[in-house]
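Structural description and commentary
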Amino acid sequence: MKVSKLLVALFAGALSLAAYAQQPIVIKFSHVVAADTPKGKAAEMFAKKAGELTKGKVKVEVYANSTLYKDKEEMEALQLGAVQMLAPSLAKFGPLGVKEFEVFDLPFIFSDYDALRKVTNGPVGQKLLAKLEPKGIRGLAYWDNGFKSFSANSPIRTPADLKGKKMRIQSSKVLEEQMRSVGSIPQVMAFSEVYQALQTGVVDGTENPISNLYTQKMHEVQKHLTLTDHGYLGYAVIVNKKFWDGLPADVRGQLEEAMVQATRYANQIAKVENDNSLEAVKKSGKTTVYAPTKEERLAFKKAMLPVHQKMEGRVGKEVIQAVYKDTGFKPDGL
């Protein structure tokens, strides 16, 4: 009798272990923007591809729009293992202690997506991701959002039009210096709080790729938008290193392939999404959209370019020069 009970117990235990073994590995992927932005759509694409390529061994749960963690919370949550995957904007790594990432915040450093890709797909981009490893973070990919434009409740034609305005920025010393270079007052604020701050006049304006402006309905509380394309906003897809290294090698390989496919998709749709959002902003009739002349844009560039040299001590002169070399940027060529 005792033997049969033991056999039953062993059999039941084997069944429960088998059931446990069949449970999918869950990856919580948290981000702070809307689901219908380039990042939001790319996260959903990764979730889909991860499920397909691992044949259900992995389930990616995407939490959009700060529903799981806000800007200031998500990085710590990743390091603690409370969430496995994030795609924070590149500016978020400065406060983490990897200040070299703030090279991406330098105004006008990338003339277009081709110049940008030479950095993100090249040795400079990979060296930057490697700097996250000591923080317990593995960098997997760079995802585009787009180039930023200024918005406010009064027209912006020249750098002087931003003087004295309280402008919301991400937490970045480079962006603080950028705003000061045109006489505005930088206001660091979580992305989820920006709409209300604009609505109530806590801040006067902000800078965003158009898809962020539109999907967060900021255009409803900003009367003017000027297409300066003065800076780049992109993301690094990152995972908790301990979690990633602990995955079975075959599963990790399948997830890496899923990330390659999701990244290709992300960077294809980013410009399309921003172009579509721009048309939607125009059609809304709530915001006057202004395209600066070549001369007007050059005035912004001249006003902001000194930020590059001022930030050498923080970002690293070698990093800035390496980006210049890859992109062909010539600070003296204005």
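Scroll up to find the structure this text is about.
To keep things clear, this report deals only with the structure shown in the data block. (Residues numbered from 1 in each chain as written. Predicted model: local features only at pLDDT ≥ 70, side-chain atom pairs only at ≥ 80, totals over all residues. Heavy atoms only, no water.)

**Examining the packing of aromatic side chains**
Note the cut-off: Stacked, edge-to-face and tilted are the three classes for Phe, Tyr and Trp ring pairs, Trp counted by its six-membered ring, which pair at centre distances within 6.5 Å; planes under 30 degrees apart are stacked, over 60 edge-to-face, the rest tilted. By definition here, charges over rings are those cases where NZ of Lys or CZ of Arg is within 6 Å of the ring centre and within 35 degrees of the ring normal.
On inspection of all chains with the given rule, the structure shows 10 aromatic pairs. Each residue in the set Phe 104, Phe 110, Tyr 113, Tyr 142, Phe 147 and Tyr 232 is aromatic and connected to the rest through ring pairs, giving one cluster. Its guanidinium or amino end placed over the ring of Tyr 235, Lys 39 lies 3.8 Å from that ring's centre, counting from NZ or CZ. Sitting above the plane of the Tyr 290 ring, Arg 157 keeps its charged end 3.7 Å from the centroid.

**Notes on the environment of Ser 211**
Defined as follows: Secondary structure elements are taken from DSSP: a helix is a run of H or I of four residues or more, a strand is a run of E of two residues or more, and numbering for both begins at the N terminus. Partly exposed describes any residue whose relative accessible area lies between the buried limit of under 20% and the exposed limit of over 50%, with all areas from a 1.4 Å probe on protein chains only and scaled to the type maximum. Each polar contact in these results corresponds to two N or O atoms within 3.5 Å; when the atoms are within protein, one needs to be able to donate a hydrogen and the other to accept it, and residues that are neighboring in sequence are counted only if both atoms are side-chain atoms.
For Ser 211, the location among the structural elements is in helix α8 (residues 210–215). Residue Ser 211 is classed as buried on the basis of its relative accessible area, which comes to 1%. Between the C-alpha atom of Ser 211 and that of Asn 274, which follows or precedes it by 63 residues, the distance is 4.8 Å. Here Asn 145 takes part through its side chain, which lies 3.1 Å from a polar atom of the side chain of Ser 211.

**Let's talk about the packing of helix α2 (residues 38–53) against helix α10 (residues 249–284)**
Note the threshold: In this description, a line fitted to the C-alpha atoms serves as the axis of each element, helices being fitted only across the stretch in contact, and the angle between N-to-C directions of two axes falls anywhere from 0 to 180 degrees. Oblique is the label for every angle not falling under 35 degrees (roughly parallel), over 145 degrees (roughly antiparallel), or within 65 to 115 degrees (roughly perpendicular). With the far helix as reference, a near helix turned anticlockwise by less than a right angle produces a left-handed crossing, and one turned clockwise produces a right-handed crossing. The contact rule is simple, with two residues in contact once any of their heavy atoms fall within 4.5 Å. Each residue gets one of three labels, nonpolar for Ala, Val, Leu, Ile, Met, Phe, Trp, Tyr, Cys and Pro, charged for Asp, Glu, Lys and Arg, and polar for the others, Gly among them.
At a minimum axis separation of 8 Å, α2 and α10 run at an interaxial angle of 155 degrees. Considered as vectors, α2 and α10 are oriented roughly antiparallel to each other. Handedness of the crossing formed by α2 with α10: right-handed. Judged by residue contacts, Pro 38, Lys 41, Ala 42, Met 45, Phe 46, Lys 49, Ala 50 and Leu 53 of α2 engage Gln 254, Leu 255, Glu 257, Ala 258, Met 259, Gln 261, Ala 262, Tyr 265, Ala 266, Ile 269, Ala 270 and Glu 273 from α10. Looking at the contact of α2 with α10, its residues break down into 14 nonpolar, 2 polar and 4 charged.

**So, the side chain of Glu 207**
Mapped onto the fold, Glu 207 is located in strand β7 (residues 205–208). By relative accessible area, Glu 207 is classed as buried at 5%. Within polar-contact distance, the side chain of Glu 207 engages the side chain of Lys 148 at 2.9 Å. A distance of 2.9 Å separates the side chain of Glu 207 from the side chain of Gln 178, its partner in a polar contact. The residues contacting Glu 207, other than those within four sequence positions of it, are Lys 148, Ser 149, Phe 150, Arg 168, Ile 169, Leu 175, Gln 178, Met 179 and His 230.

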